[in-house]
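Observations on chain architecture
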Amino acid sequence: MVERPLQVLLLILTACGGSAATAQNADYYHPLSQRTPPGHTAAWLQHIRGQPDPWLQPVSIDVAGGARVTVYSHGPEPVASADSSRLFALNPGHTYRLCLTDMNEFPGVELYPTVEVLDRLHPPPGQADRFPVPVPFSRTDIQEALAGNLVTRVIYLEDPETAQELDPLHRELPQEVAPADNVLQRADQLGRPMIIIRLGNRAPGPAGTSSFFYGTGGSVEVRERPSPTAAPDGLSARTTGIR
Amino acid sequence: MALGALTLISVGCAGLDHAGTSVLKPKEYVNPPAAMLSRPGPMVDGPGPGVMGMVAWQSSAAGLPAAAQTTQVKFTGQPGMIIGWKTADGWADEQMYSGNSFDFPQNAVYQLKFSGFPAEGFEDLQLYPTLEVRGVDPSTREYLEHSVVPVEITVNDLEHVVHNNMVTKVIYLPDPKHQARAIAGVETLISTQLDPGIDPVQQAERMGTIMVILRFGNKNLQMPTTAVGPDGTVQPVSHQVVSGSGPNARFVPPMPIAMLPADIHGVPGTMIAAGGGVPGQPIAPVAGMGPTPPWGMPMTATPIGLAGPPHLPYGGPAGLKSHTIRNRSDDSIPEPVDHLLIDVKHRPGLNIPEPVRHIQYEEDHPVHQPGELSHPAAGRRRS
């Protein structure tokens, strides 16, 4: 068995230029994009997989400065709530609505992003919580959302061979994306898309909101983060961000 | 508005000269009235046979429920501005303040009321704008489900209004090719900042997808009026007003003053001829049923002093034997089209590769001699 650190890269939709030609000149057709209506990409992938996957994929919701995270799944009643230092395990194929409150760097601010879980990791047995998929909300993301903009991130598991070519020194690459690019296709070229994050400034209205606003009914578990000293030999996790 | 009315009048007078003869040039066309243009008629906007299949994008694909059909609108620019709206029974004042948001159901037009402007010189101003909330579109769904649509009222807008100008604000989501950044943000077109003759709605539709349109002028919709009572006395008529503040504070949701044709499965509402686009299904917009106005019902006056149609007895025996109205207009109405050909071309057109027909799968397995096997690190024995 080859020992290789599990690497998760982030593709961030914040800039323009750069990789436009690469994405547009792809020689295959990709019917899905980041502009596909929320929930559809995960639902399509689940439909392709067949039976609903009972697996709960751990995710690490990383908010700049820390926050309280409340998870909604299928209605206005939250199904889980915990500090962002905990892990949240979510169902692949489902979309969840989060509520970020008590943000230390943004006091009094409430944000309601969505997390669309497309796929899952396949960690060693018993080690799932050591390899959570990061769901980052940076300071810049939150400021953009409060300014009325919609921030979309596609998180993918990198292809080890491609990653060696693109980032042999494991630096943090600046990832530039043009507005008209299909970012999901770009992520698919670089690896396996895992999660779509969408962050805006809309909150549930006082007059009530449809149940779909809160998600598609997936399961949620809150878990403790494993101690870093519990890692067996030869296994280590590394997260790299590309902008 | 004034310019538009003037144009219509001049067209209406162009048909006759002083001698009563036509001054129209040969083959010059005369448009029907705007009201007739807005309803193309049976078999175009319904009722009629369903011929449109389910070819468009479906919101319920893969078993997903329909998206939220509300647009969250936030009014900004005038801190402390009071917002009310027209309700089913009258008016509701002080329902929200500038800086707050409200979820307006889509595909509808609302009559709002702005007051309490903090800007100097506009403290006593009351405005009655209309808010047109467009339906969700596949291109705007992602944004509308995650973000608030901002509507900013500036001092410049207020100055235009008090000087008898009408202000139209169109808030739209630009198409990706018109976006400067990958992060999606809304744009606003304001009629007072465009060149004369440019329609902000048409301009916004060229640049992206419209989400909200705010139109306002200086017309007062709560003018004090009077009415003659049964005993002949003149009595003031008051509007029923509910307030959101005070001891009897109540929140009353807004009532649309008009509904927009709702898209079904991505098909524009004005093009849907049968329920859901499926032949044989109940036809939703039946003329004369529910909110859809009757089509083709004569409302001409009759010699017996009642509105038409003249063949109804109105509770007594029918006595009218003949009622003839002759249209002597020199109309030139073409025959209906019996075979219509529409050529559609997209640039670039869809370009989907051929499906996979052959998969060849090979694996190379390493072969080791005895004693050359390598062991995983986790499986090695430690001394």
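Residues numbered from 1 in each chain as written. Chains lettered and ligands numbered in written order. Predicted model: local features only at pLDDT ≥ 70, side-chain atom pairs only at ≥ 80, totals over all residues. Heavy atoms only, no water.

**What to know about the overall build of chain B**
Defined as follows: Segments assigned H or I by DSSP are reported as helices when at least four residues long, segments assigned E as strands when at least two residues long, and all are numbered from the N terminus. Burial classification: accessible surface area is computed with a 1.4 Å probe over protein chains only, and a residue below 20% of its type maximum counts as buried, one above 50% as exposed, and the rest as partly exposed. The protein chains shown are the only cover counted for residues, whose accessible areas, like all others here, come from Shrake-Rupley with a 1.4 Å probe.
Looking only at helices and strands, chain B features five helices and 14 strands. Looking at chain B residue by residue over its 383 residues, the buried ones come to 29%. Summed over all atoms, the accessible surface of chain B reaches about 25800 Å², with 57% contributed by carbon and sulfur.

**Quick notes on the side chain of Arg-223 of chain A**
All names here are of chain A. The condition is simple: Side-chain atoms alone can form a polar contact between residues adjacent in sequence; in general such a contact is a pair of N or O atoms within 3.5 Å, and within protein one must be able to donate a hydrogen while the other accepts it. Here, residues are in contact when the closest pair of their heavy atoms is within 4.5 Å.
Considering the arrangement of structural elements, one finds Arg-223 in strand β11 (residues 220-223). At a separation of 2.8 Å, a polar atom in the side chain of Arg-223 contacts the side chain of Asp-129. With sequence-adjacent residues up to four places away left out, Arg-223 is seen in contact with Leu-56, Pro-58, Arg-86, Leu-87, Ala-89 and Asp-129.

**Considering the packing of aromatic side chains**
The line we're drawing: Paired rings are identified among Phe, Tyr and Trp, the last through its six-membered ring, by centres lying within 6.5 Å, and are further divided according to the angle between planes into stacked (under 30 degrees), edge-to-face (over 60) and tilted (the rest). Two thresholds decide whether a charge sits over a ring: the Lys NZ or Arg CZ must be within 6 Å of the ring centre and within 35 degrees of the ring normal.
Per the counting criterion, the structure on display carries ten aromatic pairs over all chains. For the ring pair Phe-213 of chain A and Tyr-214 of chain A, a centre distance of 5.2 Å and an interplane angle of 80° mean the geometry is edge-to-face. A single burial state applies to Phe-213 of chain A and to Tyr-214 of chain A, both of which are buried. With 5.1 Å between their ring centres and 55° between their planes, Phe-104 of chain B and Tyr-110 of chain B make a pair best called tilted. Note on Tyr-110 of chain B: relative accessible area 1%, which makes it buried. Of the aromatic side chains, those joined through ring pairs into one cluster are Trp-85, Phe-102, Phe-104, Tyr-110 and Phe-251 of chain B. Positioned above the aromatic ring of Phe-213 of chain A, the side-chain terminus of Arg-97 of chain A is 3.7 Å from the ring centre. Here the basic side chain of Arg-120 of chain A rests over the ring of Trp-55 of chain A, its NZ or CZ set 3.8 Å away from the ring centre.

**Side note on the confidence of the model for chain A**
All names here are of chain A. Operational definition: Each residue gets a pLDDT score, which is the predictor's confidence in that residue and runs from 0 to 100.
The share of residues in chain A with pLDDT of 70 or more is 74%, and the mean pLDDT across the chain is 79. Contacts from residues 1-26, a stretch scored under 50 in pLDDT, to residues over four places away or in other chains number 89 contacts. This stretch, residues 234-243, has a pLDDT under 50; its non-local contacts, to residues over four places away or in other chains, come to 42 contacts.

**Observations regarding the sheet that holds strand β1 (residues 70-76) of chain B**
Residue and element names in this part refer to chain B. To keep it simple, the criterion reads: Two strands make a pair as long as DSSP finds a minimum of two bridges between them. Here an axis means a line fitted to C-alpha atoms, over the contact stretch when the element is a helix, while the angle between two N-to-C directions is reported on a 0 to 180 degree scale.
With mixed pairing, three strands are arranged side by side in an open sheet as β4-β1-β7. Edge strands, defined here as strands with exactly one partner in the open sheet, are β4 (101-105) and β7 (149-152). Each neighbouring strand pair of the sheet contributes to a mean axis angle of 35°, computed without reference to strand direction. Both β1 and β7 contribute to a ladder of four bridges, which runs parallel. Across the sheet, the residue bridging to Thr-76 is Glu-152, located in β7.

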